[in-house]
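Listed below, chain by chain, are the residues.
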Amino acid sequence: MDWTLFVTQLLNGLQLGVLLFLLASGLTLIFGIMDFVNLAHGSLYMVGAYLCATLTQATDSFVLAIVLALPLTALIGLAVEFVVIRRLYARDHLDHVLATFGLILCFDAAVHLLWGPEGMAIRLPEVLDGQVEILPGIVFPTFRLLIIGVGLLVALGLYLVVTRTRAGMLIRAGASNRTMISALGVDIQTLFTLVFAAGAAMAGLAGMMIAPITEASIGMGNEIIIVAFVVIIIGGIGSIKGAFLAAVLVGLIDTMGRSFLDTLLKLFISDQNAETAAPALSAMLIYILMAAILAFQPQGLFPPKGR
Amino acid sequence: MQRDMLSPLDWKPKTWAMVVGLALLALLPGYVAFTEDTFYLDLASRLMILGIAAVSLNLILGHGGMISFGHAAYLGIGAYSVGIPAYYEIHDGFIQIPIAVACSALFALITGAICLRTKGVYFIMITMAFTQMVFFAFVSIEEYGGDDGLVIELRSEFAGLFDIEGATGLYYFIFASLLATLYLVHRITRSRFGMVIEGARGNERRMHAIGYDTYRYRLVCYVIAGAICGFAGALLGNFTNFISPEMMDWTASGELIFMVVLGGTGTLFGPILGAAAFVLLEEWLSAITIYWHFLFGALLILVVLFWRGGLNGLIDWIGRAAWRKRS
């Protein structure tokens, strides 16, 4: 096997994994605390990307654009929570799914209206646009390394907030027993609004980080949000640790499957069959993983304690 | 409670409305032949096919309380069951349609056996995951067009018994299928089996306690719904003459749920009403503005927030109001 390619794809998988974690961590907290299914989380990812693209053009600085776009995305998240989502907590999952599906349609059309049907590319500053040699003979795009770094940093920060601060303690308590902590006098509504805004900002950050690679486009969140759901289901709803491990696992399996499954299959079946089967199988791999895990662990790998 | 087989004079306003609606559908080709405008024929064909799919989803979602977010998979499986044989020049409907129903039922049996072990959100997501699996499988099979889809040159042939190559023939075939589906689902929901399914939705633990293996009942119900929707998929493939993985996109599953809820969950005619409203709204709004998805989405949110019971509930309400005025 080609080791250069292997290491490169390993890093690409890790990059996809941390990106998924940025989306999934907000999703799993919203899910875990309020038992709310938010399909529209991917729309915030898209909004983040578009805001960042516009601000990069306006300010001529990618970094400044991110700094400005983050609070803006959080504000949009707050507005959505205030106008629609707040009214839905008491409803069942079917209503959540439908209403947030409606939100996706609204967001996609609104972006179409404001930014037009074309995608928007983001030009990176020169420092980030190059490649670095990480190991002798192995070069890797600088920006992708940055994504991994930012993702891991956010994961670490989130871990510290959730395990070491009072707010984190309340979040954990809320995830295991919502009724009990509101009976103990915690304002769960405010807590949830804050978590929702933070989740929106992280989803937006994921969009901002990927936009320079893929460009911002309408419906970009609709594909990845499904994968993010797969991540939180595998990880166990409400668990940050589960979300992180599952995100990295899913990112690696997806990327590695797409690159090496045909080689692997050729060991067992004829070359021609392997060439046909590998693309289909590698696209299905993460869903097969999820089905397999749920078949044996219906609550995911790390279900929060107390439920 | 709805009592059937009473004389038409005792029918509730809703039953009347549905009978009139079905009669109008039956007469539509006459109007179309008169005006030579096939637009409404196509619209009504699509409406009825999606209606059958929505009725089948309602069987598990409305009656059984199983929120499947992957029902579009069966539309795709059914459509490909027509398309793939047609690709090998097998146009016999007596082969294609049984394949569609059997493959859908088999897929429902295998995935249902896993999905039904989970509850709540996990169920929603795992049904969606399985549909994504089928979606990506067909996207990557180059032989059958992959992403670009597959054109069906000839519609199913039924050994000269009936001909669906023409728009009117196909229309009546779909119409008959719709009536048959409604009758079938009506009988299922009124049967002892249907009562167990309803009971398991209401209180599963109690159903267990009185000795029902609810898992098995649910699985059978899930398979029946899948098979019906696979049949609808076969109709859809015949109708559009073109199939692609797009039909199984997760948004397509979302739209099916929307139809069921818009019409009214757990009612016989509700899903048909919902599918009708969906297709007509889509047609109407997209003619007004290219940003019609916004209005559509906003409507969806408003329906969920403020208008439970769907169109079916609305008709009930109008019926009751009229009744009060009369007495």
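About the criteria used
- Residues numbered from 1 in each chain as written.
- Chains lettered and ligands numbered in written order.
- Predicted model: local features only at pLDDT ≥ 70, side-chain atom pairs only at ≥ 80, totals over all residues.
- Helix = DSSP H or I, 4+ residues; strand = E, 2+ residues; numbered from the N terminus.
- Rg over C-alpha atoms; globule rule 2.2 N^0.38 Å.
- Buried ≥ 20, exposed ≤ 12 C-beta atoms within 10 Å, placed from the backbone.
- Contact = placed C-beta atoms within 7 Å.
- Expected span 1.5 Å × (residues − 1).
- pLDDT = per-residue confidence, 0-100.
- Nonpolar A, V, L, I, M, F, W, Y, C, P; charged D, E, K, R; others polar.
- Axes fitted to C-alpha atoms, helices over the stretch in contact; angles between N-to-C directions.
- Parallel < 35°, antiparallel > 145°, perpendicular 65-115°, else oblique.
- Core = buried A, V, L, I, M, F, W, Y, C linked by C-beta atoms within 7 Å.
- Pairing = 2+ DSSP bridges.
- Left-handed = near helix turned anticlockwise from the far one by under 90°.

Some remarks on the overall build of chain B
Here is step 1: Secondary structure assignment for chain B yields 13 helices and two strands.
Here is step 2: The C-alpha radius of gyration computed for chain B amounts to 20 Å, which stays within 12% of the reference 20 Å derived for 327 residues, consistent with globular compactness.
Here is step 3: Overall, chain B is about 60 × 55 × 45 Å in size when its C-alpha atoms are taken along their principal axes.
Here is step 4: Considering chain B as a whole, with its 327 residues, one finds that 48% of them fall into the buried category.
Here is step 5: Considering only residue pairs separated by 6 or more positions, chain B has 78% of its internal contacts joining residues 24 or more positions apart.

Structural notes on the overall build of chain A
Here is step 1: Along its length, chain A carries 12 helices and two strands.
Here is step 2: Tracing chain A from N to C terminus, the helices and strands come up as α-α-α-α-α-β-β-α-α-α-α-α-α-α.
Here is step 3: Its C-alpha radius of gyration of 20 Å places chain A within 12% of the 19 Å reference for a compact globule of 307 residues.
Here is step 4: The C-alpha extent of chain A, read off along each of the three principal axes, is 60 × 50 × 35 Å.

Quick look at helix α6 (residues 167–190) of chain B
In an α-helix, one turn spans 3.6 residues; hence positions three or four apart end up facing the same way.
Residue and element names in this part refer to chain B.
Here is step 1: In a regular helix each residue adds 1.5 Å, so 24 residues correspond to 34 Å; α6 covers 34 Å between its end C-alpha atoms and thus fits that length.
Here is step 2: Considered for burial, the residues of α6 that qualify are L170, Y171, F173, I174, S177, L178, T181, V185 and T189.
Here is step 3: Buried residues in α6 make contact with α1 (13–35), α2 (39–63), α7 (192–202) and α9 (214–240).

Some remarks on the confidence of the model for chain B
All names here are of chain B.
Here is step 1: Scored by pLDDT, chain B comes out at a mean of 86, with 95% of its residues at no less than 70.
Here is step 2: Across chain B, element-level confidence peaks in α9 with a mean pLDDT of 93 and bottoms out in helix α13 (residues 310–326) with 72.
Here is step 3: In the predicted assembly, ipTM is 0.83 and pTM is 0.88.

Re the interface of chain B and chain A
Here is step 1: Counting residues at the interface gives 36 residues for chain B, matched by 36 residues for chain A.
Here is step 2: Among the secondary structure elements, those contributing two or more residues to the side of chain B that touches chain A are α5 (120–140), α10 (250–263) and α12 (292–306) of chain B.
Here is step 3: Here the element with the most residues in the side of chain B that touches chain A is α5(B); it accounts for 15 residues.
Here is step 4: Residue composition of the side of chain B that touches chain A, by class: 28 nonpolar, seven polar and one charged.

Considering the packing of helix α6 (residues 142–164) of chain A against helix α7 (residues 166–176) of chain A
Residues and elements named next belong to chain A.
Here is step 1: At a closest axis distance of 5 Å, the pairing of α6 and α7 adopts a crossing angle of 80°. Taken together, the axes of α6 and α7 lie roughly perpendicular to each other. Across from V161, V162, T163 and R164 in α6, the residues of α7 making contact are A167, G168, I171 and R172.
Here is step 2: In terms of residue class, the contact of α6 with α7 is built from four nonpolar, two polar and two charged.

Some words on the nonpolar core
Residue and element names in this part refer to chain A.
Here is step 1: Residues L20, L23, A49, A228, V230 and V231 are the most contacted members of the largest nonpolar core, which totals 210 residues.
Here is step 2: The element contributing the most residues to this core is helix α9 (residues 188–214), with 17 residues.
Here is step 3: Setting aside its immediate chain neighbours within four residues, V231 contacts L20, A24, A243, A246, A247 and V250.

Concerning the pairing of strand β1 (residues 131–135) of chain A
All names here are of chain A.
Here is step 1: With zero of five residues buried, β1 is to be regarded as a mostly surface element.
Here is step 2: Here β1 runs beside strand β2 (residues 138–141); their pairing, made up of four bridges, is antiparallel. For L135, the partnering residue across the bridge sits in β2 and is I138.
Here is step 3: Hairpin connection between β1 and β2: a loop of two residues separates the two successive antiparallel strands, and G137 in this loop has a positive phi of roughly 85°.

Quick notes on the environment of B:D37
Residues and elements named next belong to chain B.
Here is step 1: Along the polypeptide, D37 turns up in the loop between α1 and α2.
Here is step 2: Classification of D37 as exposed rests on a count of 10 C-beta atoms within 10 Å.
Here is step 3: Separated by 280 residues in the primary sequence, D37 and W317 place their C-alpha atoms 35 Å from one another.

Regarding unusual backbone geometry
All names here are of chain A.
Here is step 1: You will see that D60, though not glycine, has its phi angle at about 65°, which is positive.
Here is step 2: For D60, the location among the structural elements is in the loop between α2 (41–59) and α3 (62–83).
Here is step 3: Note on D60: 11 C-beta atoms within 10 Å, which makes it exposed.

Focus: the packing of helix α4 (residues 93–115) of chain B against α5(B)
All names here are of chain B.
Here is step 1: Packing of α4 against α5 brings their axes to within 10 Å, and their N-to-C directions diverge by 150°. Our classification of the angle between α4 and α5 gives roughly antiparallel. In this structure, α4 meets α5 at a crossing whose hand is right-handed. Listed contacts from α5 to T111, I114 and C115 of α4 are F123, I126, T127 and F130.

Concerning the environment of B:T251
Residue and element names in this part refer to chain B.
Here is step 1: Relative to the elements of secondary structure, T251 occurs in helix α10.
Here is step 2: For T251, a count of 15 C-beta atoms within 10 Å corresponds to the partly exposed category.
Here is step 3: Counting along the chain gives 181 residues from T251 to G70, while the straight-line C-alpha distance between them is 9.3 Å.

Quick word on the environment of B:A200
Residues and elements named next belong to chain B.
Here is step 1: Examined against the element boundaries, A200 turns out to sit in helix α7.
Here is step 2: The buried category is assigned to A200, around which 24 C-beta atoms lie within 10 Å.
Here is step 3: Remark: the alpha-carbon pair of A200 and N312, spanning 112 residues in sequence, is separated by 23 Å.
Here is step 4: Contact partners of A200, with chain neighbours within four places excluded, come to M207, T214, Y217 and R218.

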